[in-house]
Amino acid sequence: MMESHARFVSLLPASLFLLLLARGAEPLGLHRPPTSSLAAADRYLTRDARWMNQRLDHFSPTDRRRFKLRYYEFLDYHRAPGGPVFLRICGEYDCDGIPNDYLAVLAKKFGAAVVSPEHRYYGKSSPFERLTTENLRFLSSKQALFDLAVFRQYYQESLNARYNRSGFDNPWFVFGVSYPGALSAWFRLKFPHLTCGSLASSGVVLAVYNYTDFDKQVGESAGPECKAALQETTKLVEEQLRFNSHSVKALFGAQTLKNDDFLYFLADAAAEGFQYGHPDAVCSPLINARKNGKNLVETFAQYVKDFYIEKMETTVSSYDQEYLKKTTPDDSSSRLWWFQVCSEVAYFQVAPKTDSVRSARINTRYHLDLCRNVFGEGVYPDVFMTNLYYGGTRIAGSKIVFTNGSQDPWRHASKQKSSKDMPSYLIKCRNCGHGTDLRGCPQSPFRTEGDSSNCSSPEAVNKVREQIAKHIDLWLSQCQEAAMSGAW
């Protein structure tokens, strides 16, 4: 934590720091996917944390402060010493291990080591004890990319030290889902010499100010009957909020939320059912209730409490702006991600002008007011500059695979058209959502090794996985050929 100067190395000489990296630093002491109660031995390849010292500000020539960054390594499948290293990027959540999803299958196939560093500020890798707006100024995708580059070099040196060699470079390949999917693509864009290629699973590379396509996709994924039921439910809730707001919010177990935050919470509850491959959990009860003249609001409240809060382990407080303002919250992920939203990528999930599923009160003004209320004046997402820096969907990279699920509301912020050396695949099935290629479907409970058997079309998932493996195989081979010829 940066505020205790005893906890970081503030003025390490560069030569000493590199020596410590080579020896290993342990002695020096982007919303989360659904979780489940699956035994840790099945859910994770490893949960044994390691630590390295990471630079706080990669862009300052004078700021030498460092903080401890957590990471994980899994070597059971590694064809040592020259086998590939798969770098799995953790994102906007507490990174508590390496998941045993489809990446494990790929690692076994290619004889790869798997390493996974935690994103700065999240989980146990926070530079500061208090997450004030001032202290959050080092939280950005740009800083995170340099963290990955430094980690990659650090870990390569640690492998070389382990095998008593120097100057050797294993072939690396980078993976990420969602915001980490974007980081994966951006890492290959900005550091092409450090990875043979990247998988950007549901990679949201396009920063969007007013992201109306999110709500439109929710409506499309729901289908006509369910969409109509959701729209009617939204109108009924809005009406009840005008007359007895406490009563209707209490029905959902969310009486602490202010009205607009409550409406955002309900919109997310519906959207994430489709995002994570659970359309029936959302739609079946509502369609049946509407057909049988039952209370739609009560029916939706039951889904929210039983599924969204209990099964998907969503905390109501993460939608409470008063909670988001806390600089030492029990769960910091929501405040941290909102800062990235408010300062860099936006993705404001506003209601379309017509035919929206979510309340029209969830508009641009709602998001801007939230940013100002939680972080103060002057915090504003410069989407133009973000897309100028990375290229958006016109990213000028190479050897990047983009994948998306057909029902995922986030896919419209990803690259959905193939271009030279950047294939893009859309996995089409009625419960194919966010990160389906690695996670399988549905995503709660956790699918060991990304099991695709419960996807409505396992063939669609497996076909894309075959293509991913072919690209990895080709690009790793090209890396190795280049290294042997001295061109890499």
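Reading guide: rules and limits
Residues numbered from 1 in each chain as written. Predicted model: local features only at pLDDT ≥ 70, side-chain atom pairs only at ≥ 80, totals over all residues. Heavy atoms only, no water. Helix = DSSP H or I, 4+ residues; strand = E, 2+ residues; numbered from the N terminus. Rg over C-alpha atoms; globule rule 2.2 N^0.38 Å. Buried < 20%, exposed > 50% of the residue type's maximum accessible area, 1.4 Å probe, protein only. Areas by Shrake-Rupley, 256 points an atom, 1.4 Å probe, with all protein chains shown as cover. Disulfide = S-S within 2.5 Å. Lys, Arg positive; Asp, Glu negative; His and termini not counted. Salt bridge = Lys/Arg side-chain N within 4 Å of Asp/Glu carboxyl O. Polar contact = N/O pair within 3.5 Å; in protein donor to acceptor, adjacent residues only side chain to side chain. Contact = heavy atoms within 4.5 Å. Patch = residues over 30% accessible without salt bridge, like charges linked within 9 Å, V, L, I, M, F, W, Y side chains within 5 Å. Phe/Tyr/Trp six-rings, centres within 6.5 Å; stacked < 30°, edge-to-face > 60°. Lys NZ or Arg CZ within 6 Å of the ring centre and 35° of its normal. Pairing = 2+ DSSP bridges. Axes fitted to C-alpha atoms, helices over the stretch in contact; angles between N-to-C directions. Parallel < 35°, antiparallel > 145°, perpendicular 65-115°, else oblique. Left-handed = near helix turned anticlockwise from the far one by under 90°. Nonpolar A, V, L, I, M, F, W, Y, C, P; charged D, E, K, R; others polar.

Draft legend 1. Broad picture of the overall build of the chain. Counting its regular elements, the chain contains 15 helices and 12 strands. Here the chain has a C-alpha radius of gyration of 23 Å; the compact-globule value for 488 residues is 23 Å, and the two agree. Viewed in the frame of its principal axes, the chain has a C-alpha envelope of about 70 × 50 × 45 Å. Classification of the 488 residues of the chain by burial places 60% in the buried group. Per element, the accessible surface of the chain, about 19,600 Å² overall, is 50% carbon and sulfur.

Draft legend 2. Spatial organisation of the state of the cysteines. Following the criterion strictly, the structure yields six disulfides and no others. Bridging Cys196 to Cys479, the disulfide has an S-S length of 2.1 Å. Its torsion about the S-S bond being -110 degrees, the disulfide of Cys196 and Cys479 is classed as left-handed. Residue Cys196 is located in the loop between helix H5 (179-190) and strand E8 (198-201), and its partner Cys479 is located in helix H15 (residues 458-485); the two are separated by 283 residues in the primary sequence. Here the two residues Cys196 and Cys479 agree in accessibility, since each one is buried. Covalently, Cys342 is tied to Cys371 through a disulfide, its sulfur atoms 2.1 Å apart. Residues Cys342 and Cys371 are joined by a disulfide whose S-S torsion is about -80 degrees; by sign, that bridge is left-handed. Taken together, the residues span a long stretch of sequence, with Cys342 in helix H11 (residues 333-345) and Cys371 in helix H12 (residues 364-375) at a distance of 29 residues. The class for Cys342 is buried, based on a relative accessible area of 0%. Of the residues examined, Cys371 reaches a relative accessible area of 1% and is grouped as buried. For the chain, the disulfide bridges join cysteines in the arrangement 1-2, 3-12, 4-5, 6-7, 8-9, 10-11, where the cysteines are counted in sequence order.

Draft legend 3. Seen up close, the side chain of Arg447. Tracing the backbone shows Arg447 in the loop between helix H14 (436-439) and H15. Despite its burial, Arg447 pairs with no opposite charge, the nearest such side chain being Asp451 at 5.1 Å. Engagement of the side chain of Arg447 in a polar contact is seen with the backbone oxygen of Pro442, the distance being 2.8 Å. Only 3.5 Å separates the side chain of Arg447 from the backbone oxygen of Pro445, close enough to count as a polar contact. Not counting chain neighbours up to four residues away, the residues in contact with Arg447 comprise Asn100, Asp101, Arg439, Cys441, Pro442 and Asn454.

Draft legend 4. Broad picture of the pattern of salt bridges. Under the definition given, this model contains 23 salt bridges. The residue Asp355 makes a salt bridge to Lys227 at a minimum N-O spacing of 2.5 Å. Here Lys227 lies in helix H6 (residues 212-251) and Asp355 lies in the loop between strand E10 (346-348) and H12, a separation of 128 residues in the sequence. What makes Asp355 exposed here is its relative accessible area of 51%. By relative accessible area, which is 19% here, Lys227 ends up buried. A cluster of three or more residues bridged by salt bridges with shared partners is formed by Arg365, Asp369, Arg372 and Glu377.

Draft legend 5. Summary view of a nonpolar patch on the surface. Residues Phe384, Met385 and Leu388 make up a contiguous nonpolar surface patch of roughly 350 Å² in combined accessible area. Mapped onto the elements of the fold, Met385 is located in helix H13 (residues 383-390).

Draft legend 6. Structural view of the packing of aromatic side chains. This structure, assessed with the given rule, holds 37 aromatic pairs. Between Phe74 and Tyr77, the aromatic rings sit 5.2 Å apart at their centres with planes inclined by 75 degrees, giving edge-to-face as the arrangement. In this structure Phe74 comes out as buried when scored by relative accessible area, which is 8%. Between Phe339 and Phe375, the ring centres sit 5.4 Å apart and the planes meet at 75 degrees, which makes this aromatic pair edge-to-face. Here Phe339 is found in helix H11, whereas its partner Phe375 is found in helix H12, with 36 residues between them in sequence. For Phe375, a relative accessible area of 5% gives the class buried. Above the ring of Tyr389, the side-chain terminus of Lys142 is found at 4.8 Å from the ring centroid.

Draft legend 7. Structural view of the pairing of strand E7 (residues 172-177). In terms of burial, E7 is a largely internal element, six of the six residues being buried. Relative to E7, strand E4 (residues 85-88) is paired through four bridges, and the arrangement is parallel. The partner of Arg88 across the bridge, within E7, is Phe175. By the bridge criterion, four bridges tie E7 to E8 in an arrangement that is parallel. When the bridges of E8 are listed, Val174 appears paired with Ser198.

Draft legend 8. Representation of the packing of helix H4 (residues 141-162) against H5. At a closest axis distance of 10 Å, the pairing of H4 and H5 adopts a crossing angle of 65 degrees. Comparing their axes, H5 and H4 come out roughly perpendicular. Crossing angle aside, the handedness with which H4 passes H5 is right-handed. Taking contact as the criterion, the partners of Ser141, Ala144, Leu145, Leu148 and Ala149 in H4 are, on H5, Tyr179, Leu183, Trp186, Phe187 and Lys190. Among the residues making up the contact of H4 with H5, the classes are represented as eight nonpolar, one polar and one charged.

Shape descriptors only; they carry no functional weight alone.
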